[in-house]
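If you want the building blocks of each chain, they are given just below.
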Amino acid sequence: MTTAPWRDPALPADARVADLLARMTLEEKAAQLYGVWVGAATDGDGVAPLQREMAADHDWDELITLGLGQLTRSFGTAPVEPALAARALARAQRRIAAAGRFGIPAVAHEECLAGFTAWRATAYPVPLAWGAAFDPALVEEMGRRIGRDLRAAGVHQGLAPVLDVVRDPRWGRVEETIGEDPYLVGTIGTAYVRGLESAGVIATLKHFAGYASSAGARNLAPVRAGVREFADITLPPFEMALREGGARSVMAAYTETDGVPASADPRLLTELLREEWGFTGTVVADYFGIGFLKTLHRVAADEAEAARLALAAGIDVELPTLRCYGAPLVTAVGEGRIPQALVDRAARRVLRQKCELGLLDADWRPEPEDAVELDSAENRALARRLAEESVVLLDNPGGVLPLAPGARIAVVGPRAADPLAMLGCYSFPSHVLTHHPDVPLGIEIPTLLDSLRAELPDAKVTFAEGCGVTDPDDAGFEEAVARAAEAEVCVAVLGDQAGLFGRGTSGEGCDVADLRLPGVQAELLDALVATGVPVVLVLLTGRPYALGRWQGRLGAVVQAFFPGEEGGPAVAGVLSGRVNPSGRLPVSVPRLPGGQPWTYLQPPLGLAGEVSSLDPTPLYPFGHGLSYTTFAWEDVRAPEAEVPTDGSYDLSVSVRNTGDRAGAEVVQLYLHDPVASVTRPDVRLIGYQRVGLLPGESRRITFRFHADLSSFTDRTGARVVEPGALELRLAASSGEVRHRARLRLTGPARVVGAGRRLRCEVEVSQGSD
């Protein structure tokens, strides 16, 4: 029997796909362009925007006779034992392949923002904690482990990472981002992509593009970013993750910029993404994003028009379930309203990706090869290490930390004894189990209270909740104050409750008017401070909160951004001193809670000045974090120099641990451009290196700056490197400069494009003698 060319793995993928497309009907091609979400709720609270209105039931047996593009969240819709879910997914794939003429299975996708969003899977720290760790190699290893778990379960595509750059910390999805700086977001996000892709899983970059710049920090609100802000802050992380990480999919954002929805923008999804950046993978819709062109954006009169706009823009796959790319699309093509060439273009991309995944091969098998274990000891150890690296010691003015081993400690606050205090909104227990209250968490999540008692077995630890996260009732204050007054030190554990669409204080759709601590937690903290007992504030949150109200009144401040299932032991380790804190802020911590959006990437007019009575200067700046040891920055080698506009320049510093315990320093490199043809941020991160040092040990950190890293978008819309003076700043944070290097770029202005240097290379060597 002769094998059809499209089944022949020896042929190039493009040849196989061309042969297959020539054999398919229009209806079969269209079937490759949508997913189906089996079991999606059409009533009650959902896990996607407007799910109740947009989800629909379909005749599964009839639908799959044409084939199917994707299967949506077989693991992430309801709690099912992983081994059973994997077998069920394999059976569904067998049915799909058997029902269609060509025997082509679907691409199975899942959320994996903070680990595989499945019951009993490891809940890792949220992306904001990845940013706080400043450790791309560790994040890459996490991505690899998540990818292996996905593949073992039969999943092909992961809907992560989020590469949105924080522009307003009131936005609910700040916890899902990596931070407020595009270089940090790009390098950490790219590391995650490399890890996921190395396991054979398609990484999906989201949300392309501008989603985090929504007006007023409201979810899905219009984006009012200028052209240069969009080009220089929003886009670079996506470009880096595609060029250096090899991501094979991109998710179109819900939002619209200057009146054009991203899902209907060919300049974004085709001209920039494909023609300029050279992307060859698939573009998928955010859930119901194509239907939203009709219902929310009102740029389409019906589902067929929404399909035409999305296809023409460059969206290849409708997710999470069929609405526009099925019968409405096929009918519109038959009527001449939509060119069939658009269907063929999208189907070619989808089938090429299926070919790369082995789904067109005759020997394809969907059954898992090994046992499905989603929360292994190795996973937990990695989750613990990342959690430990991500904890930020913001302040310790009186040396209250580390806690004395035999101290009398009052632990107070609504986040101390709740395991969900450790998890963000895309961890399975927060995302799905809230709809299944009788189902256990499925994984062990030690609370901070239990972890602290285990960490300090000789301490006398008492506990009082004090108040709820959002409950206005302050009846518990009296007991909390009494426990604090009896203690030598009070640990106040405050923060967020992750949720979706207003069912929490942080998470998708949980946007806030200002940056005050939720509920009456601030008043509880005031009451504890008034006892005169030193108060250690521990924040378990998904965003930064304004802390200026307590400046100078607290014994210490510790920030952890939803540190995952091992977050309790990690934070307790920092409090006890077993863990030397090494996290650095990926977002600024404001002084005042007022609603003004602010990040550290400000031009001169965005900084404090005499022309306004409002001072936006943060209490703790981007990049800030303290340690229990001390570091000396020595022997700086950064001579004044002239460098061509296409040249490079090395500068270095030797960092020595001058304390009595091992620790890690994060050396940061910032660029200051004194004069440019358009206004520029006063400083911006262009390089960093985390380095662990034993007591007395030193390492030399060498940054290899290339002139491309000074490029920006000029008045014409071109990305340019301009000649003139520059200042490179070696710093412990964006607000704490240690050394300055002055250089001058010489020669003509250069226009740079997709081939420019995106990363500052760093070398770590033995330190000075």
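Peer 1: Can you walk me through the sheet that holds strand 13 (residues 489-495) in this structure?
Peer 2: Working definition: the strands of a sheet are paired by backbone hydrogen bonds and lie parallel or antiparallel to each other. Pairing is mixed in the open sheet, where six strands are placed in the order 10-15-14-13-11-12. The sheet is open, and its two borders are formed by strand 10 (392-395) and strand 12 (460-464), each paired with just one other strand. Here the average twist between neighbouring strands, direction ignored, is 20 degrees. With six bridges joining them, strand 14 (residues 535-541) and strand 15 (residues 556-561) adopt parallel strand pairing. The partner of T541 across the bridge, within strand 15, is F561.

Peer 1: Any chance you could explain the pairing of strand 11 (residues 408-412) here in plain terms?
Peer 2: In summary, the side chains of a regular strand alternate between the two faces of the sheet. For strand 11, the buried fraction is high: four of the five residues fall into the buried class. In this structure, strand 11 lies alongside strand 13, joined through four bridges in parallel fashion. Counted as the bridge partner of I409 is V489 from strand 13.

Peer 1: What's the story with helix 10 (residues 236-243) in this structure? I'm lost.
Peer 2: Helical geometry note: an α-helix holds 3.6 residues per turn, so side chains three or four residues apart project in the same direction. Here helix 10 lies mainly inside the structure; seven of its eight residues are buried. Inspection of helix 10 places P236, P237, F238, E239, M240, A241 and L242 among the buried residues, and these make up the whole buried set. Structurally, helix 10 contributes buried residues whose contacts are with helix 8 (182-198), strand 5 (202-208), helix 9 (227-234), strand 6 (249-252) and helix 11 (266-276).

Peer 1: Looking at this model, I keep getting lost on the nonpolar core. Mind explaining?
Peer 2: One broad rule of soluble globular proteins: the nonpolar side chains tend to lie buried together. Judged by nonpolar contacts, the single largest core of 213 residues is most densely connected at F208, Y325, L329, L547 and L728. If we ignore the near neighbours within four places in the chain, the residues touching L728 are Y649, L651, L669, Y670, L671, I686, F705, H739, R740, A741 and L743. Counting residues in each nonpolar core, the second largest holds 35 residues, with V391, L401, A556 and A560 among its members.

Peer 1: Would you mind showing me how to read the pairing of strand 19 (residues 663-672) here?
Peer 2: Most of strand 19 is tucked away: ten of the ten residues are buried. Of the two faces of strand 19, the one lined by G663, E665, V667, L669 and L671 and the one lined by A664, V666, Q668, Y670 and H672 are each fully buried. Note: strand 19 against strand 20 (residues 684-693), nine bridges, orientation antiparallel. Looking across to strand 20, one finds that V666 is bridged to R690.

Peer 1: What exactly am I supposed to notice about the environment of A731 here?
Peer 2: With respect to the helices, strands and loops of the structure, A731 is situated in strand 24 (residues 724-733). The spatial distance from the C-alpha of A731 to the C-alpha of G623 is 8.9 Å, given a sequence separation of 108 residues. Sequence-distant contacts of A731, defined by excluding residues within four places in its chain, comprise W633, V666, V667, Q668, Y670, E736, V737 and R738.

Peer 1: I keep staring at the packing of aromatic side chains and nothing clicks. Help me out?
Peer 2: The geometry of an aromatic ring pair comes down to the distance between the two centres and the angle between the two planes. This structure, assessed with the given rule, holds 15 aromatic pairs. Summarising the aromatic geometry, the rings of W171 and Y211 are spaced 5.2 Å apart at their centres and angled 85 degrees between planes, so their arrangement reads as edge-to-face. You can see W171 sitting in the loop between strand 4 (157-159) and helix 8 and its partner Y211 sitting in the loop between strand 5 and helix 9, a full 40 residues away along the chain. In this structure W171 comes out as buried when scored by relative accessible area, which is 2%. Judged by its relative accessible area of 0%, Y211 is buried. Relative to F292, the ring of F288 has its centre 6.4 Å away and its plane inclined at 50 degrees; by these criteria the two rings are tilted. Assessed through its relative accessible area of 5%, F288 is described here as buried. Every member of this aromatic cluster is reached through a ring pair, and the members are F134, Y183, Y600, F622, Y670 and Y688. A cation over an aromatic ring shows up here: R120 above the ring of W119, its NZ or CZ 4.2 Å from the ring centre. Directly above the ring of W633 sits R738, whose terminal nitrogen or CZ lies 4.7 Å from the centroid.

Peer 1: Quick question: what am I supposed to make of unusual backbone geometry here?
Peer 2: The bulk of non-glycine residues show a negative phi, and the bulk of peptide bonds are trans. A cis amide bond links F208 to the next residue, A209, at an omega of 0 degrees. Looking at the secondary structure, you find A209 in the loop between strand 5 and helix 9. Of the consecutive residues L319 and P320, the connecting peptide bond is found in the cis state with omega at 0 degrees. Mapped onto the fold, P320 is located in the loop between helix 13 (303-313) and helix 14 (327-334). Residue R298 is not a glycine yet carries a positive backbone phi of 60 degrees. Looking at R298, the relative accessible area reads 72%, which means it is exposed.

Definitions and cut-offs
Residues numbered from 1 in each chain as written. Predicted model: local features only at pLDDT ≥ 70, side-chain atom pairs only at ≥ 80, totals over all residues. Heavy atoms only, no water. Pairing = 2+ DSSP bridges. Helix = DSSP H or I, 4+ residues; strand = E, 2+ residues; numbered from the N terminus. Axes fitted to C-alpha atoms, helices over the stretch in contact; angles between N-to-C directions. Buried < 20%, exposed > 50% of the residue type's maximum accessible area, 1.4 Å probe, protein only. Contact = heavy atoms within 4.5 Å. Core = buried A, V, L, I, M, F, W, Y, C linked by side-chain atoms within 4.5 Å. Phe/Tyr/Trp six-rings, centres within 6.5 Å; stacked < 30°, edge-to-face > 60°. Lys NZ or Arg CZ within 6 Å of the ring centre and 35° of its normal.

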